[in-house]
Structures are given as C-alpha cells and as structure tokens.
Amino acid sequence: MSRLSVPFEEIEAKMLEDEEFRVEYERLRPRYEAIEQIIKARKEQNITQAELAKRIGTQKSNISRFESGNYNPSLDFLIKVAESLGKKLSIHLNE
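Residues numbered from 1 in each chain as written. Predicted model: local features only at pLDDT ≥ 70, side-chain atom pairs only at ≥ 80, totals over all residues. Heavy atoms only, no water.

**A word on the overall build of the protein chain**
Just so we agree on the cut-off: In this text, helices come from DSSP runs of H or I with a minimum length of four residues, and strands from runs of E with a minimum of two, each type numbered from the N-terminal end. Radius of gyration here is computed from C-alpha atoms only, and the compact-globule reference equals 2.2 Å multiplied by the residue count raised to the power 0.38. Residue exposure (1.4 Å probe, protein chains only): buried if accessible area is under 20% of the type maximum, exposed if over 50%, otherwise partly exposed.
Of the regular secondary structure elements, the protein chain holds five helices and zero strands. Shown N-terminal to C-terminal, the secondary structure of the protein chain runs as helices and strands in the order α-α-α-α-α. For the protein chain, the C-alpha radius of gyration of 16 Å lies well beyond 12 Å, the compact-globule estimate for 95 residues. Projected onto its principal axes, the C-alpha positions of the protein chain cover 45 × 40 × 20 Å. Within the span of the protein chain, comprising 95 residues, buried residues form 23% of the whole.

Printed below as a string of structure tokens:
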C-alpha cells in the first residue's frame, strides 16, 4: 500500500487562498507562534510537560491543553511559563 504525501506548505498555500480562512488564520497566528516558541524552549531543555507544570505550580493537563491550542492562557500564565524556562515574555504591538 503506497501513501501519497503533500507538503504542509502546499496545503497551507491552497487554504490561504480562501479569504475567510486567511482572516481567521491571521487572527490566531500570535497564539500559535507563542505555543510553538514555548514547545521549542521546553524541548531544547529536555523538560516534560509534567516538569514544566510542576515548575509553575499547575497541572500537566493545563500544559497539554495549552500546547495543543485548546487553552487560552492568561498573560500571567505565559509569564510564569516563560520564566520557568529561563526566558522573558515580550509582547509587541504592530501595525
């Protein structure tokens, strides 16, 4: 049985042709960029979700929900996560 694969970038480009999708994609971009950066920092330090949760005083399920995009974190939560990873949270307003 052979499987066909399509590069993500190709799928993304096709979906971004739809105006409604593009608007929602751009609205959610900051959330997913934050998630991506936190996952990257956590993995670079070989820290499990459970260890990260312990460091910030929350449950592993909260970290899991955050990393999967199913949790809309507060600013305080993001600051705690960043600090527990030895990072600083930075927010920029762009035009």
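**Comments concerning the packing of aromatic side chains**
Here the distance between the centres and the angle between the planes together describe a pair of aromatic rings. Applicable threshold: Only Phe, Tyr and Trp rings are paired, with Trp represented by its six-membered ring, and only when their centres lie within 6.5 Å; those with planes under 30 degrees apart are stacked, over 60 edge-to-face, the remainder tilted.
One pass over the full model with this rule turns up three aromatic pairs. Each ring, one from Phe-66 and one from Phe-77, has its centre 5.7 Å from the other, and the planes form 65°; the classification is edge-to-face. Separated by 11 residues along the polypeptide, Phe-66 in helix α4 (residues 60-67) and Phe-77 in helix α5 (residues 75-84) bring together distant segments of the chain. Comparing Phe-66 with Phe-77, the two get one shared label, buried. Between Tyr-71 and Phe-77, the ring centres sit 5.4 Å apart and the planes meet at 80°, which makes this aromatic pair edge-to-face. Exposure remark for Tyr-71: the relative accessible area of 22% places this residue in the partly exposed category.

**Side note on the pattern of salt bridges**
Spelled out, the test is: We count a salt bridge whenever a side-chain nitrogen from Lys or Arg sits within 4 Å of a carboxyl oxygen from Asp or Glu.
Across all of its chains, the model carries six salt bridges by this definition. The salt bridge involving Arg-22 is made with Glu-19; its shortest N-O contact spans 2.1 Å. Placement of the pair is Arg-22 and Glu-19 together in helix α2 (residues 19-44), with a separation of three residues, close to one helical turn. Here Arg-22 falls in the partly exposed class, since its relative accessible area comes to 31%.

**A look at the confidence of the model for the protein chain**
Caution applies to low-pLDDT regions: their predicted coordinates should not be interpreted in detail. Where we set the bar: Every residue carries a pLDDT, the predictor's confidence in it, which falls somewhere between 0 and 100.
Residues of the protein chain with pLDDT of at least 70 account for 97%, and the chain-wide mean is 92. Confidence, expressed as mean pLDDT per element, reaches its minimum in the protein chain at helix α1 (residues 8-15) with 89 and its maximum at helix α3 (residues 49-56) with 97.

**Looking at unusual backbone geometry**
Backbone geometry at Asn-46 places phi at a positive 55°, although glycine is not the residue there. Position of Asn-46 among the secondary structure elements: in the loop between α2 and α3. Look at Asn-46 and you get exposed, because its relative accessible area is 71%.

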